[in-house]
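# Summary of the model geometry
Residue strings, one per chain:
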Protein chains: 2
Amino acid sequence: MIFKQLFDQESFTYTYFLADEESHEAIFIDPVVNHVEDYLDLLANYGCKLKYSLETHVHADHVTGSGLLRQLTQAQTGVNQECGALCADMQLQHGDVLYFGNHLIQVIGTPGHTPGSTSYLIGDRLFTGDSLLINGCGRTDFQGGDPGLQFDNITGRLFTLPEETLVYPGHDYSGKRVSSIGQERSINPRLAFKSRDEFIQIMNNLNLPKPKLIDVAVPANRMCGIPDDIETLPQG
Amino acid sequence: MIFKQLFDQESFTYTYFLADEESHEAIFIDPVVNHVEDYLDLLANYGCKLKYSLETHVHADHVTGSGLLRQLTQAQTGVNQECGALCADMQLQHGDVLYFGNHLIQVIGTPGHTPGSTSYLIGDRLFTGDSLLINGCGRTDFQGGDPGLQFDNITGRLFTLPEETLVYPGHDYSGKRVSSIGQERSINPRLAFKSRDEFIQIMNNLNLPKPKLIDVAVPANRMCGIPDDIETLPQG
């Protein structure tokens, strides 16, 4: 399998490109609209056809490239049904499975950072979006965030995976790129050996500034990153 | 492929178990003698036969389990020919290739921590021993260590691998388990954006204490962890 970890320096966002070498079917996870040209180059360089562009949640810090990729490649876009992004072709839910080539994509609902936050498990690689970060986790103080729910989903649905499962987060702000379930379970300062109440206490006292792009990014991402797409939303 | 990352809490050593699910051939990298019973259980649980027990170098902080595993399983032991461990069945050198099942093991000579330090590349997993650690690297102030050589080999033979290549070190002292070439190339404080001279300067001024077990471990490891094996060494 071809695997590339891409980085948007403005929003510190990781985007993931995975492609099956036999069928040449490819997917993106959390593409950023500013880099769509690079993504098309990547597809062309590997001779791949984009099958899916998937979101881990409705982002507050960047505008997704999913809508534009759909226009340019006929890929299907996918997002959790709780995201309120009716523009997406696939309204996913926990337990769904998708394929590209012979590779299974398991949809793991991990609401908490947002109600539609989702992780994707592909082989031994887990793409956690902003649910589980390396040495941290996504904030829960806006967009319907819920720290108790986040604790339940991270500990119940992610920390129960094999220790060697690789954790690929949606962001890192200090250059870290990969971790594992075993590592996060044992040394993540917010989660390792913490009770649910301790976690909620930590999350409710982070006092973080509001993301700069939230008022632009969230509505744009609910329209797959293409505000004109609002014309095509279901009207009923 | 089955993959397990095991940990020895006394010496903070990572041991790796890899097994091919079709042929049931397995390997260990850097086994620790105290855990050989656990390793046999692991082999039995997965229904695997041990093909190789490989060393990344002659360790100064623990005694290898390779010799005992060879006695108990008929596995072949492998170590770099520069290690002076004549007990080993395979005297490896940079560029050698081995197989278990359909999986290729590429032997990458990375002398510097010791003259026989070696990394093993299996798929996209790189087992770096004490050459490249997460956010660090092995010391070079004993056992024939050479910081200039270590710099040349890490930057020339490891940092030239694809960014997504997973780095599995021989130790970590703070619970980190996995990194990537891209991460180490960009944020390893000893190596990222450092010149050869700067690296040598850093390494020559670490002022670390002597490892507690060095006087026991090094001679024992030159005999594959079984001092009696000295009887079986080539005499000519």
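To keep things clear, this report deals only with the structure shown in the data block. (Residues numbered from 1 in each chain as written. Chains lettered and ligands numbered in written order. Predicted model: local features only at pLDDT ≥ 70, side-chain atom pairs only at ≥ 80, totals over all residues. Heavy atoms only, no water.)

This part takes up the state of the cysteines. Residue and element names in this part refer to chain A. For the coordinates displayed, the defined rule picks out 2 disulfides over all chains. Each disulfide pairs two cysteine sulfurs, and for C87 the partner residue is C224, the sulfurs being separated by 2.2 Å. In this structure the cystine formed by C87 and C224 twists about its S-S bond by roughly 90 degrees; its chirality is therefore right-handed. Residue C87 is found in the loop between β5 (76-80) and β6 (90-92), and its partner C224 is found in the segment after α6 (214-222); the two are separated by 137 residues along the sequence. Just so you know, C137 is unpaired, no disulfide at all, and the nearest cysteine sulfur is the one on C83, 18 Å from it. (Disulfide = S-S within 2.5 Å. Helix = DSSP H or I, 4+ residues; strand = E, 2+ residues; numbered from the N terminus.)

Another point: helix α2 (residues 66-73) of chain A. All names here are of chain A. Three or more residues of α2 are buried, namely S66, G67, L69, R70 and T73. Seen along its axis, α2 keeps its buried residues to an arc of 165 degrees; they face one direction. Elements in contact with the buried residues of α2: β3 (25-29), α1 (36-46), β4 (49-54) and β5. At the C-terminal side of α2, Q74 shows a positive phi close to 65 degrees. (Buried < 20%, exposed > 50% of the residue type's maximum accessible area, 1.4 Å probe, protein only. Arc of directions from axis to C-beta. Contact = heavy atoms within 4.5 Å.)

Here we take up the layout of surface pockets. Considering only enclosed or pocket space, the largest pocket measures out at about 1100 Å³ in volume. Around the largest pocket sit 31 residues that line it, and A:M1, A:D124, A:R125, B:D124 and B:R125 are the ones nearest its centre. Elements that contribute at least two residues to the lining of the largest pocket include exactly β8 (103-109) and β9 (118-122) of chain A together with β1 (2-8) and β9 (118-122) of chain B. At 3 residues, the largest contribution of residues to the lining of the largest pocket is made by β1(B). (1 Å grid on protein atoms, 1.4 Å probe; cavity = no way out; pocket = protein on both sides within 12 Å on 5 of 7 lines; lining within 4 Å. Points joined across faces, edges and corners; volume = space filled by probe spheres on them.)

This next bit is on the sheet that holds strand β5 (residues 76-80) of chain B. Strands pair in a sheet through their backbones, by hydrogen bonds, and they do so in one of two ways: parallel or antiparallel. Residue and element names in this part refer to chain B. Ordered by their spatial adjacency, 6 strands build an open sheet running β1-β2-β3-β4-β5-β6, and the pairing between neighbours is mixed. Taken across any chain shown, the strands that pair with only one partner, and hence form the sheet edges, are β1 and β6 (90-92). On average, each strand axis in the sheet is inclined to that of its neighbour by 20 degrees, with strand direction left out of account. For β5 and β6, the ladder comprises 3 bridges, and the chain directions are parallel. Opposite V79, over in β6, you have Q91 as the bridge partner. Against the sheet, helix α2 (residues 66-73) touches β3 (25-29), β4 (49-54) and β5, its axis set at about 155 degrees to β4. (Pairing = 2+ DSSP bridges. Axes fitted to C-alpha atoms, helices over the stretch in contact; angles between N-to-C directions.)

A few words on the interface of chain A and chain B. On the chain B side, the residues contacting the 20 residues of chain A number 20 residues. Interface area, chain A with chain B, both sides summed: about 1500 Å², of which 44% is carbon and sulfur. Taken together, the links from chain A to chain B amount to 6 salt bridges. One salt bridge connects A:D124 with B:R125, and the closest N-O pair in it is separated by 2.7 Å. Scanning the region where chain A abuts chain B turns up 11 residue pairs in polar contact (both at pLDDT 80 or more). Counting residues per element, the ones that place at least two in the side of chain A that touches chain B are β1 (2-8), β13 (166-169), β14 (179-180) and α4 (181-187) of chain A. Residue composition of the side of chain A that touches chain B, by class: 5 nonpolar, 8 polar and 7 charged. (Buried area = accessible area lost by both parts, 1.4 Å probe. Salt bridge = Lys/Arg side-chain N within 4 Å of Asp/Glu carboxyl O. Polar contact = N/O pair within 3.5 Å; in protein donor to acceptor, adjacent residues only side chain to side chain. Nonpolar A, V, L, I, M, F, W, Y, C, P; charged D, E, K, R; others polar.)

All names here are of chain A. A contiguous nonpolar patch, built from F7, F12 and Y173 and spanning about 300 Å² of accessible area, is present on the exposed surface. Tracing the backbone shows F7 in strand β1. By relative accessible area, F7 is classed as partly exposed at 33%. (Patch = residues over 30% accessible without salt bridge, like charges linked within 9 Å, V, L, I, M, F, W, Y side chains within 5 Å. Areas by Shrake-Rupley, 256 points an atom, 1.4 Å probe, with all protein chains shown as cover.)

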